[in-house]
Amino acid sequence: MRARFDANEVVTQNGTALSPDSILDNNAVVYFYRIPAPEVPVPYDIPILFEDEHLLVVDKPPFMATMPRARHITETATVRLRRSTGNNELSPAHRLDRLTSGILVFTKDRSVRGAYQTLFAERRVNKTYEAIAPLADVSPGTLWHSRMEKTPGELQGRIVDGEVNAITEVADVAPVDKAPYEALHGPLPDLAKYTLKPHTGKTHQLRLHMLQAGIPIIGDPIYPVIFPAEAEDMRVPMHLTATHISFTDPVTGVTREFSSQLPLETHHLLRP
């Protein structure tokens, strides 16, 4: 404990370092940051797709959470990018699931943060994802409608009876060569690339809708069966990628369009 004081790691709200003998006013706020537990490094780069004075747009790899949470603190996109850019105001305008890869938009300063976060919160953004799953008789233009619920603390969400709150459009279905996927996952059935457009944004929506259709995404460690966390292998990803995003910029008014620059088949193999 004394070492934390000696290292000036116990401070007041304005950053003044404290000593064990410091006398505090009533209602004083003291910051004492915990030291994060060691984390397994995520062995992937974070390619930058676009940058200007307001935005930083990247290709987030799999196995990397968007924001610090629970046991994932330093090995997150936000912390890694803040460290690499030196910009501590860098903040995500939206989130991608830890196991989902693809386009992630960050704001570079707090003066515009609210405008972009509101844009995503109000779903004034067009998003396209691609998933690899067993080939099935699913027609382009199909709409999946469901009611989804997820209990905090539980890994799996679920589809239940009730008013629809999750809608996904299947924009395209195209067979793919399964050889590169079998090299990672072992024997597989015939596979297809499903182009998906979520009309809503429920937690695990695409993963649950694919499961409900009988075609769970290849590499998904939660659906249909939860794999133990200690069995995670970062060389073997879940094949769900946010491949395209477009919106009208709330600050400049211009149309923004961003696409992943990596083919889906190699997106997860940046730096194993």
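Nothing here was measured: the structure is a model prediction, and the numbers come from that model. Each chain carries its own residue numbering, running from 1 in the written order of its sequence. The model is predicted, so local features are restricted to residues of pLDDT at least 70 and side-chain atom pairs to those at 80 or more, both for listing and for counting; the totals for chains, interfaces and linings are taken over all residues. For side-chain calculations, the full set of non-hydrogen atoms in the structure is used, while hydrogens and water are omitted.

## Brief notes about the pairing of strand E4 (residues 55-60)
Whether a residue is buried, partly exposed or exposed follows from its accessible area with a 1.4 Å probe, protein chains only, as a fraction of its type maximum: under 20%, in between, or over 50%, in that order. Secondary structure elements follow DSSP: runs of H or I no shorter than four residues count as helices, runs of E no shorter than two count as strands, and numbering proceeds from the N terminus. Along E4, six of the six residues are buried, which leaves the element largely enclosed by surrounding structure. Of the two faces of E4, the one lined by Leu55, Val57 and Asp59 and the one lined by Leu56, Val58 and Lys60 are each fully buried. The pairing of strand E3 (residues 48-51) with E4 spans three bridges and is classified as antiparallel. Along E4, the bridge assignment pairs isoleucine 48 with valine 58. Any two strands between which DSSP finds at least two bridges are classified as paired. The antiparallel pairing of E3 with E4 creates a hairpin that spans three residues between the two strands. Direction of pairing for E4 relative to strand E6 (residues 101-107): antiparallel, over a ladder of six bridges. Each bridged residue has a counterpart across the sheet, and for valine 57 the counterpart in E6 is valine 105.

## With respect to the confidence of the model for the chain
Confidence of the predictor at the level of single residues is given by pLDDT, which spans 0 to 100. Scored by pLDDT, the chain comes out at a mean of 90, with 94% of its residues at no less than 70. The least confident element of the chain is helix H1 (residues 2-6), whose mean pLDDT is 73; the most confident is helix H5 (residues 205-212), at 98.

## A word on the pattern of salt bridges
Just to be clear on terms, a salt bridge is a Lys or Arg side-chain nitrogen sitting within 4 Å of an Asp or Glu carboxyl oxygen. Taken as a whole and assessed by the stated rule, the structure comprises 15 salt bridges. One salt bridge connects arginine 110 with glutamate 89, and the closest N-O pair in it is separated by 3.4 Å. A residue pair is termed long-range when its members are at least 10 positions apart, and arginine 110 in helix H3 (residues 110-121) and glutamate 89 in the loop between helix H2 (77-85) and strand E5 (91-92) qualify at 21 residues. Judged by relative accessible area, which is 58%, arginine 110 ranks as exposed. A salt bridge links lysine 178 to aspartate 190, with the shortest nitrogen-to-oxygen separation between them at 3.9 Å. Linking lysine 178 in the loop between strand E10 (166-176) and helix H4 (179-185) with aspartate 190 in the loop between H4 and strand E11 (191-198), this pair joins segments that are 12 residues apart in sequence. Judged by its relative accessible area of 51%, aspartate 190 is exposed.

## Comments concerning the UniProt feature "domain: Pseudouridine synthase RsuA/RluA-like" (unreviewed entry) in the chain
The sites that carry the UniProt feature "domain: Pseudouridine synthase RsuA/RluA-like" (unreviewed entry) are, in the present numbering, residues 54-211. A distance of 38 Å separates the end C-alpha atoms of residues 54-211, which is 22% helix and 34% strand. UniProt positions are given in the numbering used here, feature names are shortened, and annotations may be inferred rather than shown by experiment.

## Details of the side chain of serine 91
Tracing the chain through its elements places serine 91 in strand E5. Under the relative-accessibility criterion, serine 91 is labelled buried at 8%. We call two residues contacting when some pair of their heavy atoms lies within 4.5 Å. Discounting residues that sit within four places of it in the chain, serine 91 has contacts with Val105, Phe106, Thr107, Arg113 and Gln117.

## Some details on the pairing of strand E12 (residues 240-248)
For E12, a buried count of seven out of nine residues is recorded, marking the element as mostly surrounded by other parts of the structure. Pairing analysis gives two bridges linking E6 to E12, with the strands arranged parallel. In the sheet register, glycine 102 faces E12, and the bridge partner there is alanine 242. Sheet analysis places strand E7 (residues 126-134) next to E12, joined by six bridges and oriented antiparallel. Across the sheet, threonine 128 pairs through a bridge with histidine 244, a residue of E12. Looking at chain direction, E12 and strand E13 (residues 255-259) are connected through five bridges and run antiparallel. When the sheet's bridge partners are listed, isoleucine 245 is paired in E13 with phenylalanine 258. Taken together, E12 and the strand that follows it, E13, pair antiparallel across an intervening segment of six residues, in which glycine 253 is found at a positive phi of about 80 degrees.

## A closer look at the nonpolar core
Counting residues in hydrophobic clusters, the biggest one holds 32 residues, and the most contacted among them are Phe106, Tyr194, Leu196 and Met210. For this core, the elements supplying multiple residues, two or more each, are E4, H2, E6, E7, E10, E11, H5 and E12. Those residues in contact with methionine 210 that sit more than four places away from it in its chain are Ala131, Ala133, Trp144, Tyr194, Leu196, Ile215, Pro216 and Ile217. Remark: nonpolar core denotes a set of buried residues (Ala, Val, Leu, Ile, Met, Phe, Trp, Tyr, Cys) joined through side-chain atoms within 4.5 Å.

## Brief notes about the side chain of aspartate 220
Its place among the elements puts aspartate 220 in the loop between H5 and E12. A polar contact of 3.2 Å, which involves the side chain of aspartate 220, links it to the backbone nitrogen of tyrosine 223. Residue contacts for aspartate 220: discarding those within four places in its chain leaves Arg207 and Met238. Any N or O atom pair separated by 3.5 Å or less is treated as a polar contact, with the protein-specific requirement of one donor-capable and one acceptor-capable atom, and with residues adjacent in sequence counted only for side-chain atom pairs.

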